[in-house]
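Understanding the architecture of this molecule
Residues per chain, in single letters:
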Amino acid sequence: MEADAKPKKSGPRLCCICNQRRAVLKRPKTLEQICRECFYEVFEEEIHQVIVENQLFKPGDRIAIGASGGKDSTVLAYVLSELNRRHNYGLDLFLLSVDEGITGYRDDSLETVKRNELQYGLPLKIVSYKDLYGWTMDEIVKMIGLKNNCTFCGVFRRQALDRGAALLKVDKVATGHNADDIAETVLLNILRGDIARLSRCTSITTGEDGPIPRCKPFKYTYEKEIVMYAYFKKLDYFSTECIYSPNAYRGFAREFIKDLERIRPRAILDIITSGENFRISTSTKMPEQGTCERCGYISSQKWCKACVLLEGLNRGLPKLGIGRSRGLNNDIKKDTKQGGGTKSIESKQCGSLDF
Amino acid sequence: MQLTLEFGGGLELLCESVKVHNVNIDLPKGADKLTMRYLLSWVRTDLIKERPEMFMKGESVRPGVLVLVNDCDWELTGQLDTTLEEKDVVVFISTLHGG
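Being a predicted model, the structure only gives us computed values, none of them experimental.

Here is what the cut-offs are and how they apply
- Residues numbered from 1 in each chain as written.
- Chains lettered and ligands numbered in written order.
- Predicted model: local features only at pLDDT ≥ 70, side-chain atom pairs only at ≥ 80, totals over all residues.
- Heavy atoms only, no water.
- Helix = DSSP H or I, 4+ residues; strand = E, 2+ residues; numbered from the N terminus.
- Buried < 20%, exposed > 50% of the residue type's maximum accessible area, 1.4 Å probe, protein only.
- Contact = heavy atoms within 4.5 Å.
- Areas by Shrake-Rupley, 256 points an atom, 1.4 Å probe, with all protein chains shown as cover.
- UniProt positions renumbered as here; feature names shortened; annotations may be inferred.
- Salt bridge = Lys/Arg side-chain N within 4 Å of Asp/Glu carboxyl O.
- Pairing = 2+ DSSP bridges.
- Right-handed = clockwise from strand over helix to strand, strands pointing away.
- Expected span 1.5 Å × (residues − 1).
- Axes fitted to C-alpha atoms, helices over the stretch in contact; angles between N-to-C directions.
- Polar contact = N/O pair within 3.5 Å; in protein donor to acceptor, adjacent residues only side chain to side chain.
- Parallel < 35°, antiparallel > 145°, perpendicular 65-115°, else oblique.
- Left-handed = near helix turned anticlockwise from the far one by under 90°.
- Nonpolar A, V, L, I, M, F, W, Y, C, P; charged D, E, K, R; others polar.

**Side note on the overall build of chain A**
Counting secondary structure elements, chain A contains 14 helices and 10 strands. Counting over 355 residues, chain A shows a buried share of 53%. Considering only intrachain contacts with a sequence separation of at least 6, the fraction spanning at least 24 residues in chain A is 70%. Summed over its atoms, the accessible surface of chain A is roughly 16,200 Å², and 52% of this surface lies on carbon and sulfur atoms.

**Brief notes about the UniProt feature "domain: Cytoplasmic tRNA 2-thiolation protein 1 C-terminal" (unreviewed entry) in chain A**
In the numbering used here, UniProt assigns the "domain: Cytoplasmic tRNA 2-thiolation protein 1 C-terminal" (unreviewed entry) feature to residues 290-320 of chain A. The span residues 290-320 of chain A carries 32% helix and 13% strand; its end-to-end C-alpha distance comes to 21 Å.

**Comments concerning the pattern of salt bridges**
Applying the stated rule across the entire model yields 39 salt bridges over all chains. Measuring nitrogen to oxygen at the nearest pair gives 3.0 Å for the salt bridge that ties A:Glu100 to A:Arg157. With A:Glu100 in the loop between strand S4 (92-99) and helix H4 (106-120) and A:Arg157 in helix H7 (residues 149-168), this residue pair connects regions lying 57 residues apart in the sequence. Considered together, A:Glu100 and A:Arg157 belong to a single accessibility category, that of buried residues. One salt bridge connects B:Arg37 with B:Asp81, and the closest N-O pair in it is separated by 3.0 Å. Of this pair, B:Arg37 sits in helix H1 (residues 36-47) while B:Asp81 sits in the loop between strand S7 (72-73) and strand S8 (83-84), placing them 44 residues apart in sequence. Connected through salt bridges with shared partners, the residues A:Lys71, A:Asp72, A:Asp180, A:Asp181, A:Glu184, A:Glu223, A:Arg254, A:Lys258 and A:Glu261 form a single ionic network.

**Concerning the pairing of strand S5 (residues 124-128) of chain A**
On a regular strand, one side chain projects to one face of the sheet and the next to the other, so that they alternate. Residue and element names in this part refer to chain A. Of the strand pairs in this sheet, S4 and S5 are connected by five bridges, and their pairing is parallel. Bridging from a neighbouring strand, Val98 pairs with Val127 of S5. Since S4 and S5 lie parallel, the crossover through H4 that links them has a hand, and here it is right-handed.

**Concerning H7(A)**
The end-to-end C-alpha distance of H7(A), which contains 20 residues, comes to 28 Å, matching closely the 28 Å that a straight helix rising 1.5 Å per residue would cover. Burial runs high along H7(A): 16 of the 20 residues are buried.

**Overview of the sheet that holds strand S6 (residues 65-69) of chain B**
Pairing is mixed across the open sheet formed by five strands, whose spatial order is S2-S1-S9-S6-S7 (chain B). A single partner strand is all that each edge strand has here, and the edge strands are strand S2 (20-24) and S7 of chain B. Bridge count for S6(B) against strand S9 (residues 89-94) of chain B is five bridges, and the pairing is antiparallel. Looking at S9(B), one finds that B:Val69 is bridged to B:Val90. Lying over the sheet, helix H10 (residues 223-232) of chain A contacts S6, S7 and S9 of chain B, oriented at roughly 45 degrees with respect to S6(B). Each of strand S1 (2-8), S2, S6 and S9 of chain B touches H1(B); the most contacted strand, S1(B), lies at about 70 degrees to it.

**Things to note about the sheet that holds strand S7 (residues 205-206) of chain A**
Residue and element names in this part refer to chain A. Ordered in space as S5-S4-S3-S6-S8-S7, the six strands form an open sheet in which the pairing is mixed. Edge positions in the open sheet fall to S5 and S7, since each of these has one partner strand only. Examined bridge by bridge, S7 and strand S8 (residues 214-215) share two bridges and lie antiparallel to one another. Counted as the bridge partner of Thr206 is Arg214 from S8. Sitting on the sheet, helix H3 (residues 71-86) touches strand S3 (62-66), S4 and strand S6 (172-174), and the angle it makes with S3 is about 155 degrees. Of the strands in this sheet, S3, S4, S5, S6 and S8 touch H7, which is tilted by about 140 degrees from S4.

**Describing the side chain of A:Ser97**
Residues and elements named next belong to chain A. Among the secondary structure elements, Ser97 is positioned in strand S4. Residue Ser97 is classed as buried on the basis of its relative accessible area of 0%. At a separation of 2.7 Å, a polar atom in the side chain of Ser97 contacts the main-chain carbonyl oxygen of Ala67. Each residue touching Ser97, except ones within four places of it in the same chain, is listed here: Ala67, Leu110, Val113, Leu124, Lys125, Ile126 and Val127.

**A short note on the packing of H3(A) against H10(A)**
All names here are of chain A. Contact geometry of H3 with H10 gives a least axis separation of 10 Å together with a crossing angle of 65 degrees. The orientation of H3 with respect to H10, classified from their angle, is roughly perpendicular. As H3 runs across H10, the sense of the crossing is left-handed. Here Lys71, Asp72, Val75, Tyr78 and Val79 of H3 come into contact with H10, specifically with Glu223, Ile226, Val227, Tyr229 and Ala230. In terms of residue class, the contact of H3 with H10 is built from seven nonpolar, no polar and three charged.

Put into structure tokens, the structure is as follows:
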């Protein structure tokens, strides 16, 4: 038989879209087998549709892309600049990176972002923990050890991105969170009973009431396709685990999602749909949004989390603000002789992601 | 059989930070072909220097590790049953590292 002469792997499986070229990828979302060219097209087109349908951007917007040098933000920077040109979005795009001050990790990944700046012609702004808070993560870890360092890093990064965005005077920040990340976060918020975060973690745009809204153009984009896209396009990205990141709880959720995906790839989109359709009962107590009395940042407490953590560091009490923090804000109140009851529950810190 | 193996997305850290490995693998005794199943167990015992659990789970790759055989997703070629030929290029990329 002639068909037998060809090995299975280079066999005549044709792309189910163009029916001409050899299929190179099985799409997790649809299980379609498609060729490289059709993959680029559907991948980019779907993201374009998400942007248009959800009105993520307006003509003339200044948009900062949260850029870590990793796969997601690198692909996001590439695809957004491509779509901006192709569909005349009229956006001014910038790369915004946070330098946590982690030797051997962030310094290397920032080199990648600096190359991206040249490759994609996007201006880059780097804000550092050292400049913003007076501490690098290396110094923080030296003081507090490896136990709660991800809490510090996550809280500080969230604010650092906002402050960088304010310096760039952008209208919005776009982040590279993908469908897998969001499914993982839905699960984590359920596992932690964090209703406030559960109700907002599937929103494609968040913080519209705050100073600078954020959006996630990759909300429905599978991690597998992002990595395949980066591989086929030979995009330059950095992939080393943070040297300080144990974040075991998130790790388990991640592994669970990946196991589910192998059995039934749609599970990822279905978890997102479930998250979107939760209705929070009206009797659930939600944190009230206010502003930090010390730095003016949005906070549901008297002091924002970053200020509490920073106060702990500067006073040599690094445990301050770790774990259940209701008592700790009270502690500060006593300290600063400011009365008043704590008005609401506070959500737990969520590792290093910014939901 | 001569194969080129590439490790990316952080997996290269498991083999002394070398991304590309040109290897020569003997067929298993009595077998006339080399499958991905055999290659994975070979990589686990003969190539990877540390933390094999970052690469394998059971007899397959850990979920979240992408495999390409001659730049084609192994989900299209039969995964563990994919048969390899002389000079094939097999790429392993972890999707599990940072964003």
